[in-house]
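Fold and geometry: a report
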Amino acid sequence: MIPSFESGAILLEDGQGIITRLSWDDPRQKGRRRFVPPGKYRVRGYRLYRADNSGREWIISATGPHIKKLVVAVGAETKVTLDETIVLASGLKATAGKVDVMMSFSGEGHSGLTVYADGARIRVNYAIVSSAGEELAKGPMNYG
C-alpha cells in the first residue's frame, strides 16, 4: 500500500476482524510501501500529521466503522487515498426556554474526527447572538 498523504497512519480491518496499523510517520523515509496479505479491508481509522508555516504541528484523528473499503490483490499496487476534508456541522435546538448547542467534526465516510494542535485537542468556542447583535450565550464546545 502507498498513501496519498505524507505523514500519518491508518487502521485496517480484515475479513476476520483483525485490525492492522500501517504507519508512515516520517515523510523523508525512503520506502513508502507497506505490505498486508491480499484480501478485502476496511479503513477503520486514520491519523494525519501536518505542520503549518509557523511550524505548529496539527493532527487530524478519525475513527468510524466504514470509512473506506480497500481490496489488496496479488501483484497489484494499492493506493490508499483519503479525503482530507474536515466537515464542521453545528446547530441549535430551543426547547422550553433552554437552548442546546450541537456541533460535530467529521471526516471521510462520516467518521468521527478530532483536531489536535501542539499535542492537545483544539478548543472550539461558540457564541449565540440575537438578530439585534446582542450576545445571548457563549462558551466552549466539547467534542471528540
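Above this note sits the structure.
Residues numbered from 1 in each chain as written. Predicted model: local features only at pLDDT ≥ 70, side-chain atom pairs only at ≥ 80, totals over all residues. Heavy atoms only, no water.

1. Side note on the overall build of the protein
- Tallying secondary structure elements over the protein gives zero helices and 12 strands in all.
- Against the 2.2 N^0.38 benchmark of 15 Å for 144 residues, the protein shows a C-alpha radius of gyration of 19 Å, more extended than a compact globule.
- Across its three principal axes, the protein shows a C-alpha extent of roughly 65 × 35 × 20 Å.
- Counting all 144 residues of the protein, 33% fall into the buried class.
- Within the protein, contacts between residues separated by at least 24 positions form 51% of all contacts whose residues are at least 6 apart in sequence.
- Here the protein displays about 9300 Å² of accessible surface, and carbon together with sulfur accounts for 52% of that area.
- For the protein, the distance from the average site of its 20 positive side-chain charges to the average site of its 15 negative ones is 5 Å. (Helix = DSSP H or I, 4+ residues; strand = E, 2+ residues; numbered from the N terminus. Rg over C-alpha atoms; globule rule 2.2 N^0.38 Å. Buried < 20%, exposed > 50% of the residue type's maximum accessible area, 1.4 Å probe, protein only. Contact = heavy atoms within 4.5 Å. Areas by Shrake-Rupley, 256 points an atom, 1.4 Å probe, with all protein chains shown as cover. Lys, Arg positive; Asp, Glu negative; His and termini not counted. Charge placed at Lys NZ, Arg CZ, Asp CG, Glu CD.)

2. Some details on unusual backbone geometry
- Positive phi, normally seen in glycine, also occurs at His110, with a value near 60°.
- Looking at the element boundaries, His110 is found in the loop between strand S8 (98–106) and strand S9 (112–117).
- Positioned with a positive phi, Asp118 is a non-glycine residue whose angle comes to about 55°.
- Of note, Asp118 is situated in the loop between S9 and strand S10 (120–121).

3. Regarding the pairing of strand S7 (residues 87–95)
- Where S7 and S8 come together, nine bridges link them in antiparallel fashion. Paired with Gly91 across the bridge in S8 is Met102.
- Connecting the antiparallel pair S7 and S8 is a turn made up of two residues, with Ala96 showing a positive phi of about 50°. (Pairing = 2+ DSSP bridges.)

4. Here's the deal with the side chain of Asp14
- Of note, Asp14 is situated in the loop between strand S2 (8–13) and strand S3 (19–24).
- One buried charged residue, Asp14, forms no salt bridge at all, with the nearest opposite charge on Arg42 at 8.5 Å.
- Those residues in contact with Asp14 that sit more than four places away from it in its chain are Lys40 and Tyr41. (Salt bridge = Lys/Arg side-chain N within 4 Å of Asp/Glu carboxyl O.)

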